[in-house]
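# Coordinate analysis (summary)
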Amino acid sequence: MKKIFLCLLIMFLSFVIVRTNVNAYYATGHDDFSQIIFENEDDVLLINRSSEEIKEAYDSLKKGKLIGWRTQYLNINSKASYIGNIIFTRSNRTSSPFNMTYRLNTDSYVSKSIKINGSVSGKIANNSKKIELSLSPKFDVTYNKVITSSTEEEWKFELTILPQTKVTLLVTGDAYVTSGVSKYYFLGLCLKKGEWERV
């Protein structure tokens, strides 16, 4: 009996350990953005909302739906600015200025191919008393279309890094943030629910 209990305990623990995911922590909850600053001070990212706010949003969806999603929005296209990934960083710890040239090439290539085969053949036979018509579908026609597109972008600039200073090049820009909580109902029963955020 003890052996069975021990085996079951080991299986349960191995299942729990395998199912545990360790994800990196991001201050914004999005790996592409290190910082998001809203224009309106009342707007907040989903990761910074309290559990009480999330619970209130879910409570507002208590009235079910026959079939489909119900959503309570927390932000709707809230305007913000963001600081994204670091492209490069360089420091000068010497006593003289340091000149450098930075060049960045980005290239993207998209290819799509469509191929369709098909044909219909027919046969008419004329006997003295009756006409026979037979159709036999046969797929022989070939249509092949390949769509390719390529874009290339190059950034090049020169800069001087003064002594005992550091230069960091970041991706920045403007964004709109929409977030909320949703529940999916089927025959009035809630089958799925979750919080979501789009930047």
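The sections below set out a description of the structure shown in this document. (Residues numbered from 1 in each chain as written. Predicted model: local features only at pLDDT ≥ 70, side-chain atom pairs only at ≥ 80, totals over all residues. Heavy atoms only, no water.)

### Section: the pattern of salt bridges
On inspection of all chains with the given rule, the structure shows two salt bridges. Taking the shortest distance from any N to any O, the salt bridge between glutamate 53 and arginine 49 comes out at 3.1 Å. In this structure, the salt-bridge partner of aspartate 59 is lysine 55, at a minimum N-O distance of 3.2 Å. Of the two residues, aspartate 59 and lysine 55 both sit in helix α2 (residues 51-59), four residues apart, roughly one turn of that helix. Residue lysine 55 is classed as exposed on the basis of its relative accessible area of 51%. (Salt bridge = Lys/Arg side-chain N within 4 Å of Asp/Glu carboxyl O. Helix = DSSP H or I, 4+ residues; strand = E, 2+ residues; numbered from the N terminus. Buried < 20%, exposed > 50% of the residue type's maximum accessible area, 1.4 Å probe, protein only.)

### As for the environment of threonine 71
Considering the arrangement of structural elements, one finds threonine 71 in strand β2 (residues 67-92). A relative accessible area of 31% places threonine 71 in the partly exposed class. Sequence separation of threonine 71 and tyrosine 58 is 13 residues, and the distance between their C-alpha atoms is 8.8 Å. The residues contacting threonine 71, other than those within four sequence positions of it, are Leu61, Val181, Ser182 and Trp196. Of the polar contacts made by the side chain of threonine 71, one reaches the side chain of serine 182; its length is 2.9 Å. (Contact = heavy atoms within 4.5 Å. Polar contact = N/O pair within 3.5 Å; in protein donor to acceptor, adjacent residues only side chain to side chain.)

Function cannot be read off these values alone, since they describe shape.
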